[in-house]
Amino acid sequence: MTAPSSNHGLPVSVRGLRKAFDGRVVLHPLDLDIEAGEIFVIMGPSGSGKSVFLRHLIGLEEPDAGEIRVAGEKLVPDAADPRHRLAMVFQSGGLLNSLTVEENVGLYLTEHRLKPPAEIAAIVSKTLGLVQLGPADAAKYPDELSGGMRKRAAIARALVVEPELVLFDEPTSELDPLVALTIGREIVNLNRRTGATVVVVTHDRDLAFGIADRLAFLAEGKILALGTAAELRASPVPLLQQFLAAEFK
Amino acid sequence: MFRNLGEMLVLFGAVARALPRLWRERWKVSEQLFDIGNASLFMACVLSLFIGGVLSLQSGPVLVENGIGTALGQLVAIAMCKELAPVMMSILIAGRVGSAMTAELGSMRVYQEIDALRTLAIHPIHYLVLPRVVAIGVAVPCLVVFSNLVGWLGGAIVAAHNDRIAVPWATFFMGLRQGVDLSDVVNGLIKSFFFAICIGVICCHQGLTTRGGPRGIGRSVTKAVVNSLVVILILDYVLTRLLLPFDSAFGH
Ligand SMILES: Nc1ncnc2c1ncn2[C@@H]1O[C@H](COP(=O)(O)OP(=O)(O)OP(=O)(O)O)[C@@H](O)[C@H]1O
Ligand SMILES: [Mg+2]
């Protein structure tokens, strides 16, 4: 595995991406450019195709039409040996249930033999510390954790990769407001520290506007609005305004 | 049906191409071997003892009545090592180990663990399929050797202690020694190796293509076991036919 050692964000360009499941179109032909090193947030109603879009960016789904280029190179689906370090935090965590948290977080390093075991253990416990999981949690299996802890472990697993492009699917959906805040900060830190390009899918408006360099509003498989936080707030799209204004009275 | 067959061949090809990585995955293979042994050794022992016994019980009285009781050892041993041990051990492994593999890979598939592996640039075939197929391929022939020994013992016990047969221990093993070639045993081992690879590929393929939650996992497991059994029995005939020219009895 030849991972580039320098850390820099990767730009992503999406052209004419279309995807249908069983004849039902989930993503209409969609164009989008994500710049190197930015934090790009995708918001949108449930079922609008956000997760499906994210899965395309890391090569888990094959588009029906169109293409995705990461750093100018076409993404090969099902790549076993990618040319870039990518990572994704799944909406459900996606931890391996037969491995402990520790093993899950260190999996990338152990499987690719990137570091000696002692060093891996040190990196793992440091990274778990970043997401506020202690040594007691590290020895547990994923089904012995709460939903939020699982999510944090999954985030730790992605951080260990030192990704150049990292995708978060609802990183704060199961977290209490305080942990959500730390995770939000950690995402920003990761981006500042390593320059990684970060794509975040979220319903959490505070998180979205708090961390985003740019945002996109995805509804019914189309991007209805795109721009900075201020531009999105000022956007005339009615669905977006409803989405932003929704409050318990 | 034919699409599945094609996919399985592709999977087999991928596993074969991944073989050079085997040394890297050696700990996973030994872990699998340990699991397989744990799950099946005791069952294999019981099964073989009774199969050997019933072979003696069925054929012993007929042979003794015709005055050829001395051939009993040979008959039991040949039946055991060329046919029953390979087939029964493969069936045992398909039911006991193959089903568990399908369930495990199926749940990994359904709960997105396989997707997660791929995002970490870990190839599911290297990480999951290769160690399992190799472990089954090693374990089944070993089990067959073990099953032969236990089965022969079972046959001898029944032959000696059943009143209608009463072929003494020494006569039984004398017949066995004279009548069974190493090539007979090897013949069975070759067959069992092919059965094992088929079980491994069928069960892993079925696991990796699971869809539809817990019920989907259940469906996959059933399908994997049934398909394995059908393939074992068909392949048994084909391989026996192909191996016939190399048979020791054939030359005599
Ligand atoms: N593998 C699949 N097979 C069939 N349909 C799918 C598949 N994956 C997603 N879909 C469909 O695509 C649509 C978009 O799903 P997606 O998971 O992207 O929604 P989402 O925007 O992430 O929603 P949420 O915010 O609730 O997570 C849904 O209608 C879903 O049913
Ligand atoms: Mg989603």
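Residues numbered from 1 in each chain as written. Chains lettered and ligands numbered in written order. Predicted model: local features only at pLDDT ≥ 70, side-chain atom pairs only at ≥ 80, totals over all residues. Heavy atoms only, no water.

## A closer look at unusual backbone geometry
Residue and element names in this part refer to chain A.
Part 1 of the reasoning: In this model, Glu162 sits at a positive phi of 45°, which is unusual for a non-glycine residue.
Part 2 of the reasoning: By secondary structure assignment, the location of Glu162 is in the loop between α5 (147-160) and β7 (165-169).
Part 3 of the reasoning: According to the relative accessible area criterion, Glu162 is partly exposed, its value standing at 40%.
Part 4 of the reasoning: The phi angle at Glu170 is positive, at roughly 50°, despite the residue not being glycine.
Part 5 of the reasoning: Residue placement: Glu170 occurs in the loop between β7 and α6 (177-194). (Helix = DSSP H or I, 4+ residues; strand = E, 2+ residues; numbered from the N terminus. Buried < 20%, exposed > 50% of the residue type's maximum accessible area, 1.4 Å probe, protein only.)

## Considering the layout of surface pockets
Part 1 of the reasoning: Size it by volume and the largest pocket reaches roughly 1600 Å³.
Part 2 of the reasoning: Forming the walls of the largest pocket are 39 residues, and the residues nearest its centre are Arg109, Arg118, Leu208, Thr209 and Thr210 of chain B.
Part 3 of the reasoning: Those elements that provide at least two residues to the lining of the largest pocket are β1 (12-21) of chain A together with α1 (2-18), α3 (72-110), α4 (113-119), α5 (124-161), α7 (182-208) and α8 (213-243) of chain B.
Part 4 of the reasoning: With 8 residues, the top contributor of residues to the lining of the largest pocket is α1 of chain B. (1 Å grid on protein atoms, 1.4 Å probe; cavity = no way out; pocket = protein on both sides within 12 Å on 5 of 7 lines; lining within 4 Å. Points joined across faces, edges and corners; volume = space filled by probe spheres on them.)

## Notes on the coordination of the magnesium ion (ligand 2)
Residues and elements named next belong to chain A.
Part 1 of the reasoning: Listed as protein donors to the magnesium ion (ligand 2) are Ser51 (OG) and Gln91 (OE1); their distances from the metal cover 1.9 to 2.3 Å. Residue Ser51 is found in helix α1 (residues 50-57), and its partner Gln91 is found in the loop between β6 (86-89) and α2 (101-111); the two are separated by 40 residues along the sequence.
Part 2 of the reasoning: Judged by relative accessible area, which is 38%, Gln91 ranks as partly exposed. (Donors = N, O, S within 2.8 Å, 3.2 Å for Na, K, Ca; no water.)

## Details of the packing of aromatic side chains
Part 1 of the reasoning: Under the counting rule described, the total for this entry stands at 4 aromatic pairs over all chains.
Part 2 of the reasoning: With 5.9 Å between their ring centres and 75° between their planes, Phe193 of chain B and Phe194 of chain B make a pair best called edge-to-face.
Part 3 of the reasoning: Looking at Phe193 of chain B, the relative accessible area reads 37%, which means it is partly exposed.
Part 4 of the reasoning: When its relative accessible area of 39% is taken as the criterion, Phe194 of chain B is described as partly exposed.
Part 5 of the reasoning: Here a set of aromatic residues connected by ring pairs shows up, and it is made of Trp169, Phe172 and Phe173 of chain B.
Part 6 of the reasoning: The aromatic ring of Phe209 of chain A is capped on one face by Arg233 of chain A, whose charged end is 4.1 Å from the ring centroid.
Part 7 of the reasoning: Geometry around Trp23 of chain B places Arg26 of chain B over its ring, the cationic atom sitting 4.1 Å from the centre. (Phe/Tyr/Trp six-rings, centres within 6.5 Å; stacked < 30°, edge-to-face > 60°. Lys NZ or Arg CZ within 6 Å of the ring centre and 35° of its normal.)

## Concerning the nonpolar core
Across soluble globular proteins, nonpolar side chains have a tendency to be buried as a group.
Part 1 of the reasoning: Val41, Met43, Phe168 and Leu215 of chain A together with Val129 and Ile136 of chain B are the most contacted members of the largest nonpolar core, which has 119 residues in total.
Part 2 of the reasoning: Considering every element that reaches this core, the biggest residue donor is α5 of chain B, with 16 residues.
Part 3 of the reasoning: Discounting residues that sit within four places of it in the chain, Met43 of chain A has contacts with Lys50, Thr202, Arg205, Ala208, Phe209, Leu215, Ala216, Phe217, Leu218, Leu232, Phe243 and Leu244 of chain A.
Part 4 of the reasoning: Of all hydrophobic cores here, the second largest spans 29 residues; its members include Leu10, Leu32, Ile58 and Ile68 of chain A. (Core = buried A, V, L, I, M, F, W, Y, C linked by side-chain atoms within 4.5 Å. Contact = heavy atoms within 4.5 Å.)

## A look at the confidence of the model for chain A
Part 1 of the reasoning: Of all residues in chain A, 94% have pLDDT values of 70 or greater, and the mean over the chain is 86.
Part 2 of the reasoning: Here residues 1-6 of chain A is a poorly scored stretch, pLDDT under 50, and it has 12 contacts once near neighbours within four places are set aside; other chains count. (pLDDT = per-residue confidence, 0-100.)

## Observations regarding the pairing of β6 of chain A
Residues and elements named next belong to chain A.
Part 1 of the reasoning: Where burial is concerned, the two faces of β6 agree: the one with Leu86 and Met88 and the one with Ala87 and Val89 are both buried.
Part 2 of the reasoning: Sheet topology note: the β6/β7 ladder contains 4 bridges and is parallel. Directly across from Leu86, in β7, lies its bridge partner Leu165. (Pairing = 2+ DSSP bridges.)

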